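In case you want the letters, here they are:
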Amino acid sequence: MLNKIKIWHFIVAVTGLIIILRFGYIIDLLTVYYLFFQTLFAGKENINSFITFPFIDNFISLCLIFLFPIAIMGSTSAKKKLSSQLNFSNIFIILLLVSFVFAPIITKQHPDFQKNISVTKLLPPFSSVNYILLNEINKVESVQENKLKDLIDSKIPKSYNDKIIFIDSSSFDATFKYYQSGVLSVIDINKLVTENDKPFIGTKLFVLGTDEFGRDVFTRIVYGCRISLIVGLGAVFVSFFLGIILAFIASQIGGLLRIIFNRITDLFLAFPSIFLVVLILALFGSNILSVIIVLGFSGWMSLYKIASSEMISLKQKEYFLTAEQIGLKKLRLLIREVLPVIIVPVIVNLIFQLSNVILAESALSYLGLGTGSEYSSWGSMIESGQEYITQSWWLIFIPGITLIITLLSINEAGRKFGQKINPTIG
Amino acid sequence: MKKDFYWAILKRIASSILVLFLLVTFIFLLVRLAPGDPSQKYLSPQLSPELANKVYQSFGLDKPVYQQYFSFIANLFTGDFGISYNYRQPVVSVIKDYFLFTLIFSSISLIIQLALGYYLAKTAYRNEGKFLDRILSASSIIVFSVPAFIVGLILIYIFSVQLDLLPTSGIKSDYYDDLNFFERVQDYFIHLILPMITLSVAGIAVFFKYLRDNFTVIANQSFITNLKAGGFSEKEIFRYHILPNAVQPLISIAGIEFGILLGGALITEVIFALPGMGRLTISAIFSRDFPLVIGCAFITGLMMIISNLIADLVKIKFDKRLIKDLIT
């Protein structure tokens, strides 16, 4: 039964499940974007102020969540390509990609959202907290732009929300009394959202608990996957580019340049690259771009070695000589004649490189040098959770286990791919 | 032949020295190009300008970069890396203690990695295809994928937080001075159990995987079948024919691994607050203690080169044919 499920079945099922589970939010988003485009085409000014990163992010996810399953089900070639069997590593890689693309739809709040820390901090997984909602004070205006602004403010999650108050316990008669970790506060009932003349008290579930600032761990894990993948793919792309180009130049010019390049490769290989990476990031400052570039530069050596050894043997092949004789340009020669031949061993190397880079990124974040402070990253989550190791295990173990499974499934995928190409490898 | 061999070794050492020189130059330039003035960190604002200028001069930062570089290289040949900004001591004497710790710690770790890796691989090979073999192979893949900082934190959580058996950081207790010799050894031992496991576990998995795979590959070759047909016992074949062949690629890996370990086990040292080279390097980088950074880099590169050279020599000891590779 299980081995009849193919990859594309799983992808469609997961996206379908997201649509079903988050149907209300998707409808909300649809109304927001409907209104947005209405205002846009009406030609009103200062529409730019609405376009923020979460706004675009939500829009892309919203489009893709419908396009994705349709595109897969609609095209036979996509089905054919994604028709291999499911296994552990496939499942996890798909889940990673899904949470990479659909992060704003999967999660219910902004990754940096925090409110009433005294109530929400360090909650264990599967704990729920009661909350009350303040009602909207100024909903008199009905100008279209303000309506759009209100809608965006209320529907798209932000890092702050004045309307929601988390409480421990409450009682109400004439006024509403609530406790927040032992502190009593009183609020007028008229200010609250009510339901059947009683103040509305909702419960919010924190599936994977909260951290020391009361932020939802699940949301941060999902968004942290973005950092890991962006840094990983970016750095792998940089080292791919660098390794291939350098190897091609070395093989074309040869002679002294080749020897120099080989020496430089040895130089970089002779030194534990983590120190160089830390040195550069500490001296020149670390942000997401510098992390990508530095990690990319620290990983090109193995690629260069593979590519240059392949290119040397390629240089004597007749079809390559012919292509050279015809007078193909160097770039064309590289793309048309060299890349297709060496791409297969290179891809295996790149997959392993990806897991190395993800590991390095989390290690850097753990040392406080990654992209941590700006965006949530698994390494920085572990680093900040380390202080609370005696009381809250989930702050370390949940990001840690996610990281381990990610690395494991990428390594496994690389091994499988390598085996497919070269069956003699164990 | 013998002469060629020594000549090749000499050539190898010369090219290694060149690489080391390039490395130090690269780091020197990198450090000097970085934005920010390192002396600012060590000057208090209350200091009079003349005194501040004096400090600045004592760092040697007032001269142009090329002059700094030449005096640095000239000093390097006498083994003088300058004076650490932070410790106000010669770099060599700062590094000495940290390096001693790293040397002992990583040597023990390497021995543990090799011994356990070998033992487990042998056990798995003896039980080829059985449950034990499969579970060891599977867990080696998993263990290899677990980052060191997660291993360390899991160990701290289990043994220090939950069971309250072992200390979480440092290498000696507060009451270390009151202890006699045996208690001191015991104190060190207790403090270093968790770091040792953290540092060694990934290496054990790597060595296990390599050895285990090599055992199978070599056992399937025809000369082994021939030996079996000749009536040699399994034990003899394993000891004299499979093992020497399987160990060979392992030696160069062990060489690289040892070089990296001697540069300092950065993550392990940070988690457990150990006084090793890795943490020294990192703290030097963060405090912009340039002479110390370059000194640490030099030592790390040197260790890397020496351990690779030793690994190659050991490999030649096992298989004389490899001399040819070295010479050409």
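Residues numbered from 1 in each chain as written. Chains lettered and ligands numbered in written order. Predicted model: local features only at pLDDT ≥ 70, side-chain atom pairs only at ≥ 80, totals over all residues. Heavy atoms only, no water.

**Considerations on the pairing of strand E5 (residues 183-187) of chain A**
Residue and element names in this part refer to chain A. For clarity, the threshold we go by: When DSSP locates at least two bridges between a pair of strands, those strands are taken to pair. Only DSSP runs of H or I reaching four residues or more are called helices, and only runs of E reaching two or more are called strands; each is numbered from the N terminus.
With 5 bridges connecting them, strand E4 (residues 176-180) and E5 associate as antiparallel partners. Looking at E5, one finds that tyrosine 178 is bridged to serine 185. Adjacent in sequence and paired antiparallel, E4 and E5 are bridged by 2 residues, among which serine 181 carries a positive phi angle near 45 degrees.

**Details of the interface of chain B and chain A**
The condition that has to hold: Throughout, a contact is declared for two residues whenever any of their heavy atoms are within 4.5 Å. Once two parts are put together, the accessible area they lose, assessed with a 1.4 Å probe and summed over both, is termed the buried area. Salt bridges are identified by distance alone: a Lys or Arg side-chain nitrogen within 4 Å of an Asp or Glu carboxyl oxygen. In the analysis that follows, any N or O atom pair within 3.5 Å is treated as a polar contact, provided that within protein one partner can donate a hydrogen and the other can accept it, and provided that, for residues neighboring in sequence, both atoms belong to side chains. Residues are grouped as follows: Ala, Val, Leu, Ile, Met, Phe, Trp, Tyr, Cys and Pro are nonpolar; Asp, Glu, Lys and Arg are charged; all remaining types, including Gly, are polar.
The interface of chain B with chain A comprises 41 residues on the first partner and 37 residues on the second. Approximately 3,600 Å² of surface area, both sides summed, lies buried where chain B meets chain A, with 86% of it carried by carbon and sulfur atoms. Of all residues in chain B, Phe149, Leu153 and Tyr157 of chain B give up the largest surface area on contact with chain A, accounting jointly for 16% of the area buried on that side. Connecting chain B to chain A are 0 salt bridges. At the junction of chain B and chain A, the tally comes to 3 residue pairs in polar contact (both at pLDDT 80 or more). For the side of chain B that touches chain A, the secondary-structure elements that each account for two or more residues are helix H1 (2-33), helix H5 (131-145), helix H6 (148-162), helix H10 (266-272), helix H11 (277-286) and helix H12 (290-318) of chain B. With 9 residues, the top contributor of residues to the side of chain B that touches chain A is H1 of chain B. A breakdown of the residues in the side of chain B that touches chain A according to their chemical character gives 32 nonpolar, 8 polar and 1 charged.

**Details of helix H13 (residues 300-315) of chain A**
All names here are of chain A. Keep this limit in mind: A helix is expected to span 1.5 Å for every residue after the first. Exposed residues in this analysis have more than 50% of their type's maximum accessible area, buried residues have under 20%, and partly exposed residues fall in between, with area computed by a 1.4 Å probe over protein chains only. Comment: arc refers to directions from the helix axis out to C-beta atoms.
Relative to the 22 Å expected for 16 residues at 1.5 Å per residue, H13 spans 22 Å between its end C-alpha atoms, a close match to the ideal helical length. Looking only at H13, the buried set comprises Trp300, Met301, Leu303, Tyr304, Ala307, Ser308, Met311 and Leu314. Buried residues of H13, viewed axially, fall in a sector of 145 degrees; they line one side.

**Structural notes on the domain arrangement of chain A**
Residues and elements named next belong to chain A. The test is simple: Boundaries of every domain are those given by an automatic assignment or by a domain database.
Taken domain by domain, chain A consists of domain 1 (2-106), domain 2 (117-143 + 157-206) and domain 3 (217-421). Taking only C-alpha atoms into account, the centre of domain 2 sits 47 Å from that of domain 3. Each partner contributes to the interface: domain 2 provides 4 residues, whereas domain 3 provides 7 residues. Summed over both partners, the interface of domain 2 with domain 3 buries about 370 Å², with 83% contributed by carbon and sulfur atoms. For the pair domain 2 and domain 3, the interface holds 1 residue pair in polar contact (both at pLDDT 80 or more). Here the side of domain 2 that touches domain 3 is composed, by residue class, of 4 nonpolar, no polar and no charged.

**Quick notes on the confidence of the model for chain A**
Note the following rule: Known as pLDDT, the predictor's per-residue confidence is scaled from 0 to 100.
For chain A, the mean per-residue pLDDT works out to 83, and 94% of the residues sit at or above 70. Across chain A, the element-wise mean pLDDT spans from 72 in helix H8 (residues 144-155) of chain A up to 90 in helix H9 (residues 217-253) of chain A.

**Some points on unusual backbone geometry**
Backbone phi values are negative for most residues with the exception of glycine, while trans is the configuration of most peptide bonds. Residue and element names in this part refer to chain B. Even without being glycine, arginine 88 reaches a positive phi, approximately 55 degrees. With respect to the helices and strands, the residue arginine 88 is situated in the loop between helix H3 (65-77) and helix H4 (91-126). For arginine 88, a relative accessible area of 47% translates into the label partly exposed. Although it is not a glycine, arginine 288 sits at a positive phi angle of roughly 55 degrees. Within the secondary structure, arginine 288 sits in the loop between H11 and H12. Judged by relative accessible area, arginine 288 falls into the buried class, the value being 18%.

**Overview of the environment of glycine 202 of chain A**
Residues and elements named next belong to chain A. For glycine 202, the location among the structural elements is in strand E8 (residues 201-206). With 180 residues separating them along the chain, glycine 202 and arginine 22 place their C-alpha atoms 18 Å apart. Excluding its chain neighbours within four sequence positions, the residues that come into contact with glycine 202 are Val129, Asn130 and Tyr131.

**Some details on the environment of tyrosine 304 of chain A**
Residue and element names in this part refer to chain A. Within the secondary structure layout, tyrosine 304 lies in helix H13. A sequence separation of 60 residues divides tyrosine 304 from isoleucine 244, and the C-alpha atoms of the two residues are 6.3 Å apart. Once you skip the residues sitting within four places of it in the chain, tyrosine 304 turns out to touch Gly243, Leu246, Ala247, Ala250, Arg258, Phe261, Asn262 and Thr265.

**Concerning the packing of aromatic side chains**
Given two aromatic rings, one states the distance between the centres and the angle between the planes to describe the pair. The following threshold applies: Each Phe, Tyr or Trp ring (for Trp, its six-membered ring) is paired with any other whose centre lies within 6.5 Å, and the angle between the two planes then decides the class: stacked below 30 degrees, edge-to-face above 60, tilted in between. We call a charge positioned over a ring when the NZ of a Lys or the CZ of an Arg lies within 6 Å of the ring centre and within 35 degrees of the ring normal.
Applying the stated criterion to the full structure yields 28 aromatic pairs over all chains. When the centroid spacing of 6.2 Å and the interplanar angle of 85 degrees are considered together, the rings of phenylalanine 68 of chain A and phenylalanine 102 of chain A count as edge-to-face. In this pair, phenylalanine 68 of chain A sits in helix H3 (residues 53-74) while phenylalanine 102 of chain A sits in the loop between helix H5 (88-101) and helix H6 (103-106), placing the two residues 34 residues apart along the sequence. Relative to tyrosine 178 of chain A, the ring of phenylalanine 176 of chain A lies with its centre 6.2 Å away and its plane at 40 degrees, an arrangement referred to as tilted. For the residue pair phenylalanine 176 of chain A and tyrosine 178 of chain A, the accessibility class agrees, reading buried in each case. Among the aromatic residues, those joined into a ring-pair cluster are Tyr33, Phe36, Phe37, Phe41, Phe55 and Phe59 of chain A. Arginine 126 of chain B extends its terminal NZ or CZ atom over the ring of phenylalanine 238 of chain B, reaching a point 5.9 Å from the ring centre.

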